[in-house]
Amino acid sequence: MSEPKRSNADTPEGKLLEPSTLTKAEALGLHARKVVEGAMAGRYKSPFTGFAIEFHQHREYVAGDDMRHMDWKVFGRTERYLIKQYEQETNFDGCVLLDGSKSMQYGSGETSKLDYGRIIAAVFSYLIVHERNSLTMSIFDTESRSMYPKTSNPRAMTNICKMLMDFEPAEQTKIGDVLHSFANQLKAAGITFVISDLFDDPEVILDGLRHLAFRKHEVVVFHVMDPYEIDFPFDGTVEFEGLEVAEKLTLQPHAIRKSYQEEVQKFLRQIRNGCEQFDINYILCNTAEPVGEVLNRYLATRLRVTGRY
């Protein structure tokens with residue numbers, strides 16, 4: 001007896017790429033063609049030559065690649081599985097970096113910061129590869145823990161979503177170090193999406209983001225925070241337990257609420273102003289807000305700043 005066929009909602013793709021979110025994103029013009037390629041206009045020479053698609057280079061085969069592009073002649077000589085890449089496939093490099101540190105596990109409601117970040121990461125990964133641009137996807141804490149190697153194949157989304165769904169945080173974070181390491185590996189102009197709660201030294205984070213921008217990548221930061229982290233609406237006597245440090249603290253929130261909120265706003269201003277100074281796109285994401293609305297705000301900001309999608 002055969003197993004019942006799973007509905008799309010039961011698959012990793014179905015859980016992360018909700019049709020309503022994708023529909024809204026695409027209706028807003030959030031295709032890689034408009035958002036990513038359009039954003040890079042003037043920064044690099046387009047590899048397109050009319051409608052021709054010419055051979056460009058080889059790369060290692062990864063699960064999900066179309067076997068029709070396998071170079072069997074090379075395999076016969078070297079027994080290496082290499083995929084032929086064409087000029088249209090190598091239009092630009094898109095990178096999606098998701099913070100997978102333990103602090104991202106926090107959630108005052110049904111959705112944790114990591115769950116929220118997973119959806120954003122999946123949506124932009126989907127949009128990039130479905131325009132046949134190259135994508136590198138990485139989940140990090142103190143270093144890159146799970147990475148999907150560069151691909152431009154839409155079929156890779158099954159494995160990318162599975163990687164996102166299966167990841168379990170276990171470490172603290174060192175965002176600045178990770179961004180510097182990743183920037184040093186960049187070889188071509190492109191765009192990098194950084195999705196994180198940015199719980200690290202603001203100057204160290206900003207230095208890493210500036211490094212990415214220096215390497216000719218447009219940088220887009222989705223700063224993911226839980227509403228309780230912003231508003232601190234706790235009452236009574238509460239014991240707080242650190243997610244990244246083994247400490248507990250018992251206090252009465254109302255006694256420090258005002259000073260806490262002032263510090264949070266100071267932190268947010270420092271990150272926002274630092275990003276604006278170097279033309280880095282910054283979007284604060286409150287996990288109580290639907291992802292589609294966050295994408296709305298991102299596009300509106302892009303239109304206001306650049307005059308185009």
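Calculation rules
Residues numbered from 1 in each chain as written. Predicted model: local features only at pLDDT ≥ 70, side-chain atom pairs only at ≥ 80, totals over all residues. Heavy atoms only, no water. Helix = DSSP H or I, 4+ residues; strand = E, 2+ residues; numbered from the N terminus. Buried < 20%, exposed > 50% of the residue type's maximum accessible area, 1.4 Å probe, protein only. Contact = heavy atoms within 4.5 Å. Areas by Shrake-Rupley, 256 points an atom, 1.4 Å probe, with all protein chains shown as cover. Polar contact = N/O pair within 3.5 Å; in protein donor to acceptor, adjacent residues only side chain to side chain. Arc of directions from axis to C-beta. Core = buried A, V, L, I, M, F, W, Y, C linked by side-chain atoms within 4.5 Å. pLDDT = per-residue confidence, 0-100. Salt bridge = Lys/Arg side-chain N within 4 Å of Asp/Glu carboxyl O. Axes fitted to C-alpha atoms, helices over the stretch in contact; angles between N-to-C directions. Parallel < 35°, antiparallel > 145°, perpendicular 65-115°, else oblique. Left-handed = near helix turned anticlockwise from the far one by under 90°. Pairing = 2+ DSSP bridges.

## Things to note about the overall build of the chain
- A count of helices and strands for the chain gives eleven helices and ten strands.
- Within the chain, the proportion of its 309 residues that are buried is 48%.
- Taking contacts inside the chain between residues at least 6 apart in sequence as the whole, the part at least 24 apart equals 73%.
- With the model as given, the accessible surface of the chain reaches about 15900 Å², and the carbon-plus-sulfur share is 50%.

## Digging into the side chain of arginine 118
- Summarising the element assignment, arginine 118 is placed in helix α5 (residues 113-129).
- Accessibility expressed as a relative area gives 8% for arginine 118, which makes it buried.
- Looking at arginine 118, its side chain comes within polar contact range of the main-chain oxygen of leucine 164, at 2.6 Å.
- Among the polar contacts listed, one links the side chain of arginine 118 to the backbone oxygen of phenylalanine 167, at a separation of 2.7 Å.
- Residues contacting arginine 118, with those up to four places away along its chain left out, are Leu16, Leu98, Leu164, Met165 and Phe167.

## Some points on helix α6 (residues 157-166)
- Taken together, the buried positions of α6 are occupied by Met157, Ile160, Cys161, Met163 and Leu164. Looking straight down α6, one finds its buried side chains confined to an arc of 155°; they lie on one side.

## A few points about the nonpolar core
- Ranked by size, the top nonpolar core spans 41 residues in total, and within it Val96, Leu98, Met137, Leu164, Phe193 and Phe222 carry the most contacts.
- Among the secondary structure elements, those contributing two or more residues to this core are β3 (93-99), α5, β4 (134-140), α6, β6 (190-196), β7 (217-225), β10 (281-286) and α11 (291-306).

## Looking at the side chain of threonine 151
- Secondary-structure assignment places threonine 151 in strand β5 (residues 144-151).
- In this structure threonine 151 touches Arg59, Val62, Asp65, Val129, Asn133, Ser134, Leu135 and Ala156, once residues within four positions along its chain are discounted.

## Quick word on the confidence of the model for the chain
- Confidence along the chain averages 78 in pLDDT terms, with 73% of residues attaining 70 or more.
- Taken as a whole, residues 1-7 scores under 50 in pLDDT and shows one contact with residues more than four places along the chain or in a different chain.
- Predicted confidence is poor over residues 27-53, with pLDDT under 50, and the contacts of this stretch with residues over four places away or in other chains come to 60 contacts.

## As for the pattern of salt bridges
- Taken as a whole and assessed by the stated rule, the structure comprises ten salt bridges.
- Between aspartate 115 and arginine 118 there is a salt bridge whose closest N-O contact spans 2.7 Å. Taken as a pair, aspartate 115 and arginine 118 lie in helix α5 at a separation of three residues, close to a single helical turn.
- Here aspartate 115 falls in the partly exposed class, since its relative accessible area comes to 30%.
- Among the salt bridges present, the one from arginine 145 reaches aspartate 141, with a minimum N-O distance of 2.7 Å.

## Some remarks on the packing of α5 against α6
- In contact at an axis separation of 10 Å, α5 and α6 are set at 165° when each is read in the N-to-C sense. When the interaxial angle is binned, α5 and α6 end up roughly antiparallel. The interaxial crossing formed by α5 with α6 has right-handed handedness. In this structure, α5 uses Arg118, Ala121, Ala122, Ser125, Tyr126 and Val129 to contact α6, whose residues at the interface are Met157, Ile160, Cys161, Leu164 and Met165.

## Here we look at unusual backbone geometry
- Its identity is not glycine, yet leucine 198 carries a phi of approximately 55°, on the positive side.
- Tracing the backbone through its elements, the reader meets leucine 198 in the loop between β6 and α8 (202-214).
- Here leucine 198 falls in the buried class, since its relative accessible area comes to 1%.

## Considerations on the sheet that holds β3
- Strand order in the open sheet formed by six strands is β5-β4-β3-β6-β7-β10, with mixed pairing between adjacent strands. The sheet terminates laterally at β5 and β10, the two strands that pair on one side only. Neighbouring strand axes in the sheet, compared pairwise and without regard to direction, differ in orientation by 10° on average.
- Against the sheet, α6 engages β3, β4 and β5, with an angle of about 10° to β4.
- The strands touched by helix α10 (residues 253-277) within the sheet are β7 and β10, with β10 carrying the most contacts at an inclination of about 150°.

## Considering the environment of arginine 257
- Its location among the elements puts arginine 257 in helix α10.
- Arginine 257 gets classed as buried once you look at its relative accessible area, which sits at 19%.
- Separated by 22 residues in the primary sequence, arginine 257 and aspartate 235 have C-alpha atoms spaced 9.9 Å apart.
- Excluding residues within four positions of it along the chain, arginine 257 makes contact with Asp231, Phe232, Pro233, Phe234 and Asp235.
- Here the side chain of arginine 257 touches phenylalanine 234 through a polar contact of 2.3 Å, landing on its backbone oxygen.

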